[in-house]
Number of protein chains: 2
Amino acid sequence: MNNSNSGQMNFGQWMADIQARTEDALDRALPSAAIAPARLHEAMRYAVLGGGKRVRPLLVHAAGQLTGAAPERLDRVACALEMIHAYSLVHDDMPCMDDDVLRRGKPTVHVQFDEATALLVGDALQTLAFQHVTDAPVCDAPARQLGMIRQLAIATGSRGMAGGQAIDLASVGLQLSLAELEFMHIHKTGALIRASVTLGAQCGQPLGDAEMETLDHVGKVIGLLFQVVDDILDTEADTATLGKTAGKDAANDKPTYVSLLGVSRARELAEEMYQDAIARLAPFGDAGQRLSELTRFIIRRQF
Amino acid sequence: MNNSNSGQMNFGQWMADIQARTEDALDRALPSAAIAPARLHEAMRYAVLGGGKRVRPLLVHAAGQLTGAAPERLDRVACALEMIHAYSLVHDDMPCMDDDVLRRGKPTVHVQFDEATALLVGDALQTLAFQHVTDAPVCDAPARQLGMIRQLAIATGSRGMAGGQAIDLASVGLQLSLAELEFMHIHKTGALIRASVTLGAQCGQPLGDAEMETLDHVGKVIGLLFQVVDDILDTEADTATLGKTAGKDAANDKPTYVSLLGVSRARELAEEMYQDAIARLAPFGDAGQRLSELTRFIIRRQF
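Residues numbered from 1 in each chain as written. Chains lettered and ligands numbered in written order. Predicted model: local features only at pLDDT ≥ 70, side-chain atom pairs only at ≥ 80, totals over all residues. Heavy atoms only, no water.

### Brief notes about the overall build of chain A
Link 1 in the chain: Scanning chain A for helices and strands turns up 16 helices and two strands.
Link 2 in the chain: For 303 residues, the compact-globule estimate of 2.2 N^0.38 gives 19 Å, and chain A sits close to it at 18 Å.
Link 3 in the chain: Each principal axis of the C-alpha atoms in chain A carries an extent, and together these give about 50 × 45 × 35 Å.
Link 4 in the chain: Looking at chain A residue by residue over its 303 residues, the buried ones come to 58%.
Link 5 in the chain: Sequence-distant contacts, at least 24 apart, represent 72% of the contacts inside chain A between residues at least 6 apart.
Link 6 in the chain: Summed over all atoms, the accessible surface of chain A reaches about 11,200 Å², with 50% contributed by carbon and sulfur.
Link 7 in the chain: Counting 28 positive and 38 negative side-chain charges, chain A places the centres of these two groups 3 Å from one another. (Helix = DSSP H or I, 4+ residues; strand = E, 2+ residues; numbered from the N terminus. Rg over C-alpha atoms; globule rule 2.2 N^0.38 Å. Buried < 20%, exposed > 50% of the residue type's maximum accessible area, 1.4 Å probe, protein only. Contact = heavy atoms within 4.5 Å. Areas by Shrake-Rupley, 256 points an atom, 1.4 Å probe, with all protein chains shown as cover. Lys, Arg positive; Asp, Glu negative; His and termini not counted. Charge placed at Lys NZ, Arg CZ, Asp CG, Glu CD.)

### A few points about helix α15 (residues 263-281) of chain B
Residues and elements named next belong to chain B.
Link 1 in the chain: Taking 1.5 Å as the rise per residue, α15 with 19 residues should run 27 Å; its terminal C-alpha atoms sit 27 Å apart, in good agreement.
Link 2 in the chain: Among the residues of α15, A266, L269, A270, M273, Y274, A277 and L281 are the ones counted as buried. In a view along the axis of α15, the buried residues occupy a sector of 140 degrees, so they form one face of it. α15 presents S264 and A279 as exposed residues on the side facing more than 90 degrees away from its buried surface. (Expected span 1.5 Å × (residues − 1). Arc of directions from axis to C-beta.)

### Considering the relation of the copies chain B and chain A
Link 1 in the chain: For the pair chain B and chain A, the best superposition has an RMSD of 0.0 Å and corresponds to a rotation of 180 degrees with a translation of 0.0 Å parallel to the axis. In short, the pair behaves as if placed about a two-fold rotation axis. Identified as the residue of chain B closest to the rotation axis by C-alpha distance is P142 of chain B, at 2.7 Å.
Link 2 in the chain: Of all interface residues in chain B, 100% are interface residues in chain A too; the two copies therefore contact each other through one and the same surface. (Least-squares fit on C-alpha atoms with pLDDT ≥ 70 in both.)

### Re unusual backbone geometry
Link 1 in the chain: The peptide bond linking A36 of chain A to P37 of chain A adopts the cis configuration, its omega dihedral lying at 0 degrees.
Link 2 in the chain: Within the element layout of this structure, P37 of chain A appears in the loop between α1 (11-29) and α2 (38-48).
Link 3 in the chain: Although it is not a glycine, R54 of chain B sits at a positive phi angle of roughly 60 degrees.
Link 4 in the chain: Mapped onto the fold, R54 of chain B is located in the loop between α2 (38-48) and α3 (55-65).
Link 5 in the chain: A positive phi angle, near 50 degrees, is found at R104 of chain B, a position not held by glycine.

### Some words on helix α8 (residues 161-171) of chain A
Quick reminder: α-helices carry 3.6 residues per turn. Residues three or four places apart thus point the same way.
Link 1 in the chain: Most of α8 of chain A sits out of view: nine of its 11 residues are buried.
Link 2 in the chain: Listed in full, the buried residues belonging to α8 of chain A are M161, A162, G163, G164, Q165, A166, I167, D168 and S171 of chain A.
Link 3 in the chain: On its buried face, α8 of chain A is in contact with α4 (71-92), α7 (142-156), α9 (178-188) and α10 (190-202) of chain A together with α2 and α6 (115-132) of chain B.
Link 4 in the chain: With its phi angle positive at about 85 degrees, G173 of chain A sits one or two positions after the end of α8 of chain A.

### Some points on the interface of chain B and chain A
Link 1 in the chain: Every contact between the two is made by 41 residues of chain B and, on the other side, 41 residues of chain A.
Link 2 in the chain: Interface of chain B and chain A: buried area, both sides summed, is about 3,500 Å²; carbon and sulfur atoms make up 74% of it.
Link 3 in the chain: Summed over the shared surface of chain B and chain A, the result is two salt bridges.
Link 4 in the chain: A salt bridge links R150 of chain B to D135 of chain A, with the nearest nitrogen and oxygen atoms 2.3 Å apart.
Link 5 in the chain: Put simply, chain B and chain A have 10 residue pairs in polar contact (both at pLDDT 80 or more) between them.
Link 6 in the chain: Secondary structure elements with two or more residues in the side of chain B that touches chain A: α2, α4 (71-92), α6, α7 (142-156) and α8 (161-171) of chain B.
Link 7 in the chain: The biggest single contributor to the side of chain B that touches chain A is α6 of chain B, with 10 residues.
Link 8 in the chain: Of the residues that constitute the side of chain B that touches chain A, the class distribution is 24 nonpolar, 12 polar and five charged. (Buried area = accessible area lost by both parts, 1.4 Å probe. Salt bridge = Lys/Arg side-chain N within 4 Å of Asp/Glu carboxyl O. Polar contact = N/O pair within 3.5 Å; in protein donor to acceptor, adjacent residues only side chain to side chain. Nonpolar A, V, L, I, M, F, W, Y, C, P; charged D, E, K, R; others polar.)

If you want it as structure tokens, here you go:
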């Protein structure tokens, strides 16, 4: 129980607390817009601060509860993951990729600034993520920290998030099978969500191999669950609610869980994934409370 | 003396040897084009393999001679630096940046593949660089390795190479002072060259603070020297010799050492930098031989 009062907070309070401390930690981690190159730093801050659900930081802190990790170490890993997530959004929104103009209710970075700046913002945010997890300890042993950075890189790179993006681009207009769609999402959004769970847990007391394998599976399931819910929301919500352009996947002829399965079966699938995750977290007892609550929140979310 | 036969090789043989082993090491470090996502991996290999002077790997190995570093460790750091250099070239060549079609005598990545792939290639190469320096030891202590990764990130990010690129973009069409031009280059190309020297040295036996400071200064001077020579070559050489579009800086109204000082004074400046570096390397004796030779090669180069 790293947070002395975490037992007293309800889930909503806990979530607001983590979101607020993540915002603070990101604010401190990002270079000031007063430091040269000022416009680049201003744009990096624009891309990261003041928005987003902070799902990955929430997962890091929830998983850290399982191993009694210090909140300051979790903040560091959470910031790195959020920087990488933000970099991927900035690049994905660029004209040569998804060509989107709205993100988190604001103009995208290349619209607010320019394309060259957006390119550099994404590049520099990725670098800052790797710098940030070397600036101070995130666990007790430097060798373990090296392993965590390696896992972060694998989740981010061509066989993780960036690779998923490449598969996504290549699949526009194609008929994918459910297995192919899952393969894409396990990489594109799943890898970083999965890493949020496993890296958060590694900030605290070491777990056994079997427990880490269970958490890795739970992280994978949460990643897919998140995507299924995203696809349902993209079909049903409007742009104002989402803070990003709604109905874009259908407009772009991109395969989704909804286009493949229909809304009703997609909802059932999400429920099955949720139950799977909850069942696997049960043996962790009270230490798994936040991660269970967060998984429930993800399936119930309306944004 | 890490290379048992390095004393017997002349500089040209040594350089060819390092270039060949770097190509091998990069070939092994990059994912096979047979692994999904195949097109992304094919494009990553296209961007990195079969070209380039490998200046940063040469500097890593030359600096490693100063501390008796194991060649395999130097290969690892050299590959990481070359991946970051390659990522920056791929992104710099994109239409929203320098919009160039030729690099190392071949079509640039966005021309050969497409813009979205070029964006992802750069992103994934940066990630792979950070993964690569966590895959195995590059020095004797994990804590020191963390510090080296941190230095690599600082050299690469918004206060290093990416920041220099932002300053460069902002300076097109402006009259820069010599100090401002130097500030830009210390970041844009200088940071990574400087890191090549200091990181290479850190792969071997630890040096004292004063020696590391000397090497850091030498790395900074070599970085600027490299740029001055680049500006002279850009004015005088033709496209076929350079393997990239010649005369581009003048065409783009970009400030250079030549536009600011004229060719004659730029040549004098390069000579002064060269003499400064050589003088500071003298106390290292024979262990500094390769780095001295390499610095001489950089000022004499015609490519």
